[in-house]
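Below, each chain spelled out in residue letters.
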Amino acid sequence: MGIDNYVSYTPFIDSLAAHSMIFPNAFANGYKSIHGMSSVLSGIPSFKDAFTSSPYSNQEIESVVSVLNELGYDTSFFHGAANGSMGFLGFGNILGFDNYYGRTEYDNDDDFDGTWGIWDEKFLNFTKEVLNEKEEPFFSTIFTVSSHEPYKIPKEYEGKFPKGNVQMHQCIGYTDYSFKTFFEASKNEDWFNNTIFIITADHGNQTDHIEYEQIVNRTATPILIYKPDNSLTEVKKELAQQIDIYPTIIDLIGYDQPFRSWGRSLINDTIITPFTINYGASGYILQRDNYICFFDGVKATGYYDINDKDLKTNLIDQSNSQMDTLEIVTKAFVKDFFDRVVDKKLGKPNN
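Bear in mind the structure is a predicted one, so any value in this text is a computation, not a measurement.

Calculation rules
Residues numbered from 1 in each chain as written. Predicted model: local features only at pLDDT ≥ 70, side-chain atom pairs only at ≥ 80, totals over all residues. Heavy atoms only, no water. Helix = DSSP H or I, 4+ residues; strand = E, 2+ residues; numbered from the N terminus. Buried < 20%, exposed > 50% of the residue type's maximum accessible area, 1.4 Å probe, protein only. Contact = heavy atoms within 4.5 Å. 1 Å grid on protein atoms, 1.4 Å probe; cavity = no way out; pocket = protein on both sides within 12 Å on 5 of 7 lines; lining within 4 Å. Points joined across faces, edges and corners; volume = space filled by probe spheres on them. Nonpolar A, V, L, I, M, F, W, Y, C, P; charged D, E, K, R; others polar. Pairing = 2+ DSSP bridges. Axes fitted to C-alpha atoms, helices over the stretch in contact; angles between N-to-C directions. Parallel < 35°, antiparallel > 145°, perpendicular 65-115°, else oblique. Left-handed = near helix turned anticlockwise from the far one by under 90°. Core = buried A, V, L, I, M, F, W, Y, C linked by side-chain atoms within 4.5 Å. Salt bridge = Lys/Arg side-chain N within 4 Å of Asp/Glu carboxyl O.

*Asks:* Help me get a handle on the side chain of His209, residues and values and all.
*Replies:* Position of His209 among the secondary structure elements: in the loop between β6 (197-200) and β7 (223-226). Overall, the relative accessible area of 14% leaves His209 in the buried class. When residues no more than four places from it in sequence are discounted, the contact partners of His209 are Ile3 and Tyr6.

Have a look at this one:
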């Protein structure tokens with residue numbers, strides 16, 4: 001979407017976006033950090049209740065981690081908070097990461113921010129040093145912590161970043177700067193030019209734009225895919241979502257075996273119509289084609305124009321074949337999701 005008089009607080013990410021494939025019409029499949037982890041890495045959304053905190057999460061799960069493990073990749077997860085916090089370590093063990101690097105492995109609390117974990121700049125430098133020691137191929141997930149309440153930055157950077165209109169803006173500037181130092185320090189390493197970088201958010205947060213206060217746009221999140229050889233440089237305006245990232249990654253590396261996914265490859269999919277699905281306002285919200293479908297778990301109770309992100313004008317009395325199809329698609333997705341979760345069929349397709 002275009003926003004008049006938009007002011008950015010991420011100059012480095014903006015410069016990277018100019019050489020990346022970006023999806024300005026992308027959405028999260030949940031509202032919390034752990035929801036983002038399951039959506040991005042295993043293509044499993046969270047609806048009214050988080051999948052990761054349910055009794056069904058401890059089962060065999062095919063994910064980008066398991067696929068890459070089978071292909072001989074070294075897989076790792078980096079999170080500068082206390083090991084075990086936010087459920088990342090536990091779910092990471094279920095997914096099968098080879099290594100988890102947290103505040104324990106960093107082993108220097110002089111760089112602790114006092115609340116969440118190690119400052120982003122410091123922890124990203126640690127991440128680079130660990131990656132330098134790994135044999136290729138490797139796959140790593142990095143979860144930053146500094147752009148979070150109570151919205152502090154290191155004392156030495158006070159005054160360096162614009163404070164903007166909400167508390168988060170200054171911290172976003174610091175995290176953006178931390179990414180800049182990470183990329184500049186890494187660009188001469190052997191692994192850099194052979195790496196695909198994907199940057200996204202775990203969920204929405206503070207905003208000073210009314211557009212993102214609208215019901216559907218509360219889950220709007222960026223997706224950026226960068227290759228150092230500039231072979232992916234495109235603005236793709238079709239719908240995209242977090243659960244598309246897992247199939248996109250294995251498509252990018254040329255994986256050609258069957259795999260379980262509710263999402264689609266963002267670089268090469270001519271079969272699945274772009275869509276997004278999540279849960280909000282006591283119902284399932286599916287966007288596809290020209291409409292937004294609101295589904296209460298049994299039936300569609302609302303249809304809205306695709307641009308009516310605040311769900312103001314219900315078009316259900318003007319029902320047409322495209323709307324009817326959306327109800328069937330939403331109902332089928334929800335049924336298949338719960339059938340697979342409850343029956344523990346989240347592993348390989350032949351399981």
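After that view of the structure, there is still more to cover.
*Asks:* Could you give an account of empty space enclosed by the protein, with specific residues and numbers?
*Replies:* Inspection of every chain in the model, using the stated rule, returns three cavities of 30 Å³ or more. Put simply, the largest cavity is a space of about 50 Å³. Residue lining of the largest cavity: Asp113, Thr115, Trp116, Trp119, Val145, Ser146, His148, Pro150, Tyr151 and Lys152, and that is the complete set. Residue composition of the lining of the largest cavity, grouped by class: five nonpolar, three polar and two charged.

*Asks:* Lay out the pairing of strand β10 (residues 275-280) in plain terms, naming residues and giving numbers.
*Replies:* Along β10, six of the six residues are buried, which leaves the element largely enclosed by surrounding structure. Side chains Phe275, Ile277 and Tyr279 project from β10 onto one buried face, and the interleaved Thr276, Asn278 and Gly280 project onto a second face that is buried too. Inspection of the sheet shows β10 paired to strand β11 (residues 283-288) by six bridges, in the antiparallel sense. Bridge pairing in β11 links Ile277 to Leu286. The antiparallel pairing of β10 with β11 creates a hairpin that spans two residues between the two strands, and Ala281 there sits at a positive phi of about 55°.

*Asks:* So, the pairing of strand β13 (residues 300-305): which residues are in play, and what are the values?
*Replies:* Relative to β13, strand β12 (residues 291-295) runs antiparallel, the two sharing five bridges. Each residue of the ladder has a partner; that of Cys293, found in β13, is Tyr303. Turn length for the β12-β13 hairpin, with the two strands adjacent in sequence and antiparallel, is four residues, and the turn residue Gly297 shows positive phi of about 105°.

*Asks:* Kindly report on the packing of helix α6 (residues 120-132) against helix α7 (residues 168-186), identifying the contributing residues and their values.
*Replies:* Running from amino to carboxyl end, α6 crosses α7 at an angle of 25°, the nearest separation of the two axes being 9 Å. With respect to each other, α6 and α7 are oriented roughly parallel. For the element pair α6 and α7, the recorded crossing hand is right-handed. Contacts from Asp120, Glu121, Lys122, Leu124, Thr127 and Lys128 in α6 reach Tyr174, Thr175, Tyr177, Ser178, Phe179, Thr181, Phe182, Ala185 and Ser186 in α7. For the contact of α6 with α7, a count of residues per class yields six nonpolar, five polar and four charged.

*Asks:* Which residues make up the nonpolar core, and what values do they have?
*Replies:* Proteins that are soluble and globular tend to have nonpolar side chains buried together. Leu41, Val64 and Phe139 are the most contacted members of the largest nonpolar core, which has 55 residues in total. Not counting the four nearest positions on each side in its chain, Phe139 is found in contact with Leu41, Val64, Val65, Leu68, Tyr73, Asp74, Thr75, Ser76, Phe97 and Ile249. Counting 23 residues, the second-largest nonpolar core is a separate cluster that includes Leu16, Phe123, Phe197 and Leu224.

*Asks:* I'd like to hear about the sheet that holds β7, residue by residue, with values.
*Replies:* The strand order across the open sheet built from four strands is β6-β7-β1-β8, with neighbouring strands paired in mixed fashion. Strands with a single pairing partner mark the edges of an open sheet, and in this sheet they are β6 and β8 (234-235). As defined by bridge partners, strand β1 (residues 21-23) adjoins β8 across two bridges and the pair is classed as parallel. Within β8, the position partnered with Met21 by the bridge is Glu234.

*Asks:* Please provide a residue-by-residue account of the sheet that holds β10, values included.
*Replies:* Within the open sheet, the four strands sit side by side as β10-β11-β12-β13. Their pairing is antiparallel. Each having just a single partner strand, β10 and β13 make up the two edges of the open sheet. Averaged over all pairs of adjacent strands, the angle between their axes in this sheet comes to 20°, without regard to strand direction.

*Asks:* An account of the packing of helix α2 (residues 33-42) against helix α4 (residues 88-95) is needed here, citing residue identities and associated values.
*Replies:* Interhelical geometry of α2 versus α4 gives an angle of 20° and a closest axis separation of 11 Å. Taken as axis vectors, α2 and α4 run roughly parallel relative to one another. For the element pair α2 and α4, the recorded crossing hand is right-handed. Listed contacts from α4 to Ser33, Ile34, Met37, Ser38, Leu41 and Ser42 of α2 are Phe88, Phe91, Gly92 and Leu95.

*Asks:* Give a description of the pattern of salt bridges that names residues and reports values.
*Replies:* Under the definition given, this model contains ten salt bridges. Note that Lys134 is salt-bridged to Asp74, the shortest N-O span being 3.0 Å. Pair noted here: Lys134 is in the loop between α6 and β5 (138-143) and Asp74 is in strand β3 (residues 74-79), with a separation of 60 residues, a long-range link. Ionic pairing is found between Lys335 and Asp339, a salt bridge with its closest N-O pair at 2.7 Å.

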